[in-house]
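Survey of secondary and tertiary structure
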Amino acid sequence: MSTSSIVDPPVPAEDDGEVDETPDEPSVPEPHGVAVVLRRGTLVSLLIAVVLTLVLEVSTLWRGDPRWVGDQFVTGVGFYVDAIVVWLLLLFLWSLIGRLWWAAGVLSAVVVPVASANRVKIDLREEPIYPSDIDFLSEPGFLSAFVSPSTAVLLVLVVTILIAGCVLVGRRLARFYPRPSLRTLPRRQAVRLGLLRVGVLLVTATLLFQTTKFNEPGNLWREAYEVRGEHWRYWNQKTNYRSNGFFGGFFYNMPISAMAKPAGYDQAAMDQIAARYAREAELINRDRTGSLDDVNVVLVLSESFTDPTQLEGFELERDPIPQTREVMAETTSGTMLAQLYGGGTANMEFETLTGQSIALFRPQMVSPYQMLVADYERYPSAVGWFKSQGHRAIAIHPYMVGLYKREQVYETLGFEEFIHDTSMQSKEMIEDNPYIDDAAAFDEVLHQIDEHDDPLMINLVTMQNHIPVEDHYDDPIEVSGIGGDQADRIGQYARGLEHSDAALEQFLADLEASDEKSVVLFYGDHLPGIYDSEVKNDNDSELGLYQTPFFVWSSEGNEPRPMPLTSPAFFLPLVYRTANAPVPPYLALLDRVYDRVSALQQGRIITSDGAETPEDSLDPRSAQLLADLRLVQYDFSIGERYSVDDLWPGAVD
C-alpha cells in the first residue's frame, strides 16, 4: 500500500528498496522501509479516526446533557464502534488513493460538514440527520434556508483548509522522511504491496457495505452496537444518536420495511375487518344527512402555524392570531399533536391525506413520502377517494417541487394538477420575507374554485412562516421576558402569524360569500425551530413543543365542538363529522379509534380523555380498535391491499 510519510526517525531502507543518492548534492534521508511505513501509517490512521469520530459524537450533544459522557465512553459502546467505522472508511480511502494524508483530507472534508449539518438540524428541529436526508442535496435552495451564506462560506473555507492542511503535512513529512517509491521497489515487493492495497480495499468495502443491511437479522454491525444489550431510543432520535453513537443512530435509520407483519394478517382476517367496519359505517351513517358530493374540500397545512401564547418563558405584546382563535371557538377545533419539533411537515401532510399514523410504522420510517410512497405507482389516499366521488384533485405548494419528492408523491397519490411557486397566479411576498405569502396561496385556492365547475379537493401547503424568520418585517411584535436574538426571532415570527391570521380571515370570508359550498380543514404542522434552550426547557415537561391549532370550518354553518388532542391521521373523520356526511368503512374505523385513542406519537398513545396510556394498559375495546387499525395500515401500505376496495373504494386511483 503506497502511503504518505509518517513521522518517525528514519530507518535504513530495505536492501531491495534503496534509492541512489547523488554524490555532489546534500545528503537526503533514506526512505523508510515498507513495513515501517505501513505500521506507522496504520497507527496514525487510527488516531485520525478517533479524532474524526469525536467530532461526529460532539455534534450529537444536546443542551450540554451530562449523560453524553457516560453514554459515549462508559455505559455504551457507540463511540468505540463508530471509531472502527471511521477507521475502515479511512483505510478504504487510503487503499484507494494510495496517500494517507490525502485520504485523511478527503474524509475530513466529509465528516466536518456532516457533523455541522447534524448540529444545525438538532438545534432547529431536535432531530439528527437521517439517511433519507440525502435527498435534500438535490434542493440547495431549501438547504440555504437553514444555513446563512456566511456560515456556508465559513464551512467551505474550513473544509478547504482541512484538505490543504492534510496534503501539506503529507508533503512536508515526505521531504524529511521519504517513503519508498513503487517504481524503485523490486517487482516482487511491489506486487505484494499492490495485492495488499486490493485486499484492504475489498475487505473494508465489504464490511462497510454491511452497514446498509443494519436492520436485517444477524447483521454483524448491529450485533457490535448491541454487545452490551439493546439501547435504541427510537422514540427520541437525538437521544438515540447520543446513546448509540452517531453512526449507530444513523445506521439504525437505514431503509427498512415500513412495518413488521402483524400477527394474523391474511385475506380472511382483512375480509372480517372490512365487514366489521362496513357495519360500523352503517351505524354512523344512519343519522348523517349531509353530503360532500358537491362541496369543495380544502385541506390547509399552514407552515409553522402555532399559538405562541401557550408557551411559557416569554410574553407577546398582543395576540397574533385573534381571528383564528375566534374561528376555533365556533367550529370543530382543538390542538394537533405534531410528531416533531421544528420539522416534519411532509409527515403531517401524509397522515392527513392517508389516515395512516407515523406512530404505527417502524421508527426508522422517518419520512414516508421519500421512503415509502415514492416507491409505488399508486398509494391509497383521500385523493383517490374524493376523485371517485366526483371531485377534481389539486395540490398547491408555493415552493420548489422536488422537496420531499412531492412532485413524484403527488402523482402517486393521484393529484391531477400540482401548482407550485413557478405556476401560481400570484407570487406576492410581504416586505423582506423570501417566501410566497399566505394571502397569495389562498388566492390561488379561490382562483381554482372559480375556474372549475366540478367540486374540488385541494391540498394546500403554505410557506410564509417557514424558517428562517429573521429580519422579514419592519414591525415585529414586541416580546418581553426574554432578550437577545431569540426575542427578535419570536417577534418576527409572531408578526408573520399575524399576517397569516388576517389572510385566513379574508379567505374564509371569500368562501362564505361564494355561491359554492366549501369545507376547510386548517392546521399547523409543527413549531418553528426558533426557540433557544431556555424556552425549550420551560415547555419540555409536557407536550407544549408539539402542539398546534386546528379547526374544521364549513361555509354552510358551524357549531362549537372542542376536540381532544388530535393526530392528523384522524382529521378526515372530523371533516365528515362537520359536514354531517356519510363515511366509507375506513373512515368509520378511524372515527371509532378516535373516540378512544385521539393521538399517537412514536412510543406514545394519548387516549381521548387526554391521558398518556401504555398500549398494554388500554381497555379491551381500545386495544382491539388499535390492532385493527394496525392491520389495515399494514395492508394499505406494504401488504397485499386485500381490503382497500372494500374499506376505502376508489382510494387507489
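Definitions and cut-offs
- Residues numbered from 1 in each chain as written.
- Predicted model: local features only at pLDDT ≥ 70, side-chain atom pairs only at ≥ 80, totals over all residues.
- Heavy atoms only, no water.
- Phe/Tyr/Trp six-rings, centres within 6.5 Å; stacked < 30°, edge-to-face > 60°.
- Helix = DSSP H or I, 4+ residues; strand = E, 2+ residues; numbered from the N terminus.
- Buried < 20%, exposed > 50% of the residue type's maximum accessible area, 1.4 Å probe, protein only.
- Contact = heavy atoms within 4.5 Å.
- Pairing = 2+ DSSP bridges.
- Patch = residues over 30% accessible without salt bridge, like charges linked within 9 Å, V, L, I, M, F, W, Y side chains within 5 Å.
- Areas by Shrake-Rupley, 256 points an atom, 1.4 Å probe, with all protein chains shown as cover.
- Salt bridge = Lys/Arg side-chain N within 4 Å of Asp/Glu carboxyl O.
- Polar contact = N/O pair within 3.5 Å; in protein donor to acceptor, adjacent residues only side chain to side chain.
- Core = buried A, V, L, I, M, F, W, Y, C linked by side-chain atoms within 4.5 Å.
- Axes fitted to C-alpha atoms, helices over the stretch in contact; angles between N-to-C directions.
- Parallel < 35°, antiparallel > 145°, perpendicular 65-115°, else oblique.
- Nonpolar A, V, L, I, M, F, W, Y, C, P; charged D, E, K, R; others polar.

As a further point, take the packing of aromatic side chains. Scanning all chains against the criterion turns up 30 aromatic pairs. With centroids separated by 6.0 Å and ring planes inclined at 40°, the aromatic side chains of F350 and F361 adopt a geometry described as tilted. Placement of F350 in helix α13 (residues 345-354) and of F361 in the loop between α13 and α14 (368-371) is noted, with a sequence separation of 11 residues between them. The class of F361 is buried, set by a relative accessible area of 3%.

So, on to helix α9 (residues 237-244). Counting buried positions over the 8 residues of α9 gives 8, a clear majority of the element. Taken together, the buried positions of α9 are Q237, K238, T239, N240, Y241, R242, S243 and N244. On the buried face of α9, the contacting elements are α2 (67-73), α3 (78-97), α8 (220-225) and α10 (246-252). Positive phi shows up at G245, right after α9, with a value of about 85°.

Judged by pairing direction, the sheet is mixed, and its 8 strands sit side by side in the order β5-β4-β6-β1-β8-β9-β3-β10 without closing on themselves. For this open sheet the edge positions go to β5 (417-420) and β10 (561-562), each flanked by a neighbour on one side alone. Across 8 bridges, the pairing between strand β1 (residues 295-302) and strand β8 (residues 517-524) is parallel. Bridge assignment links V298 to a residue of β8, and that residue is V520.

This part covers unusual backbone geometry. Cis geometry is found at the peptide bond from I467 to P468, where omega equals 0°. With a phi close to 55°, S304 is a non-glycine residue in the positive phi region. Judged by relative accessible area, S304 falls into the buried class, the value being 1%. Backbone geometry places N580, a non-glycine residue, at a positive phi of 55°.

Another aspect to go through is a nonpolar patch on the surface. Where nonpolar side chains cluster on the molecular surface, the patch consists of L96, I97, W102 and V106 and spans about 330 Å² of accessible area. Its location among the elements puts W102 in helix α4 (residues 100-125).

With respect to the secondary-structure elements, T607 resides in strand β12 (residues 604-607). A polar atom in the side chain of T607 sits 2.4 Å from the side chain of D609. Apart from residues no more than four positions distant in its own chain, T607 is found in contact with R596, V597, S598, T613 and L618.

Burial analysis of strand β3 (residues 332-337) places 5 of its 6 residues in the buried class, which makes it a mostly covered element. In the sheet, β3 pairs with strand β9 (residues 547-554) via 6 bridges, with the strands oriented antiparallel. Across the sheet, M336 pairs through a bridge with T548, a residue of β9. As defined by bridge partners, β3 adjoins β10 across 2 bridges and the pair is classed as parallel.

Our focus in this paragraph is the nonpolar core. Core analysis: the largest hydrophobic core is formed by 124 residues, its most contacted members being L292, Y369, F386, L413, F415, M457 and W648. Here this core gets 8 residues from one element, more than from any other, and that element is α3. Judged by nonpolar contacts, the second largest core, of 55 residues, contains I321, M328, Y493 and A494.

As a further point, take helix α21 (residues 585-594). Counting buried residues along α21, 9 of its 10 residues qualify, which places the element largely inside the surrounding structure. Where α21 is buried, its residues contact α11 (267-285), α13, α20 (571-579), β11 (597-601), α22 (620-637) and α23 (644-647).

Turning next to the pattern of salt bridges. Summed over all chains, the structure comprises 22 salt bridges. We note a salt bridge from R621 to E280, for which the minimum N-O separation is 3.7 Å. Linking R621 in helix α22 with E280 in helix α11, this pair joins segments that are 341 residues apart in sequence. Judged by its relative accessible area of 32%, R621 falls in the partly exposed class. Overall, the relative accessible area of 14% leaves E280 in the buried class. Each member of the salt-bridge network shares a partner with another, and the members are E317, R318, D475, R495 and E498.

The contact between α11 and α21 brings their axes to 8 Å, and the two run at 80°. By the angle between their axes, α11 is roughly perpendicular relative to α21. Counted together, Y277, A278, E280, A281, L283 and I284 of α11 and P585, A588, L589, D591 and R592 of α21 form the full contact between these two elements. Taken together, the residues of the contact of α11 with α21 sort by class into 8 nonpolar, no polar and 3 charged.

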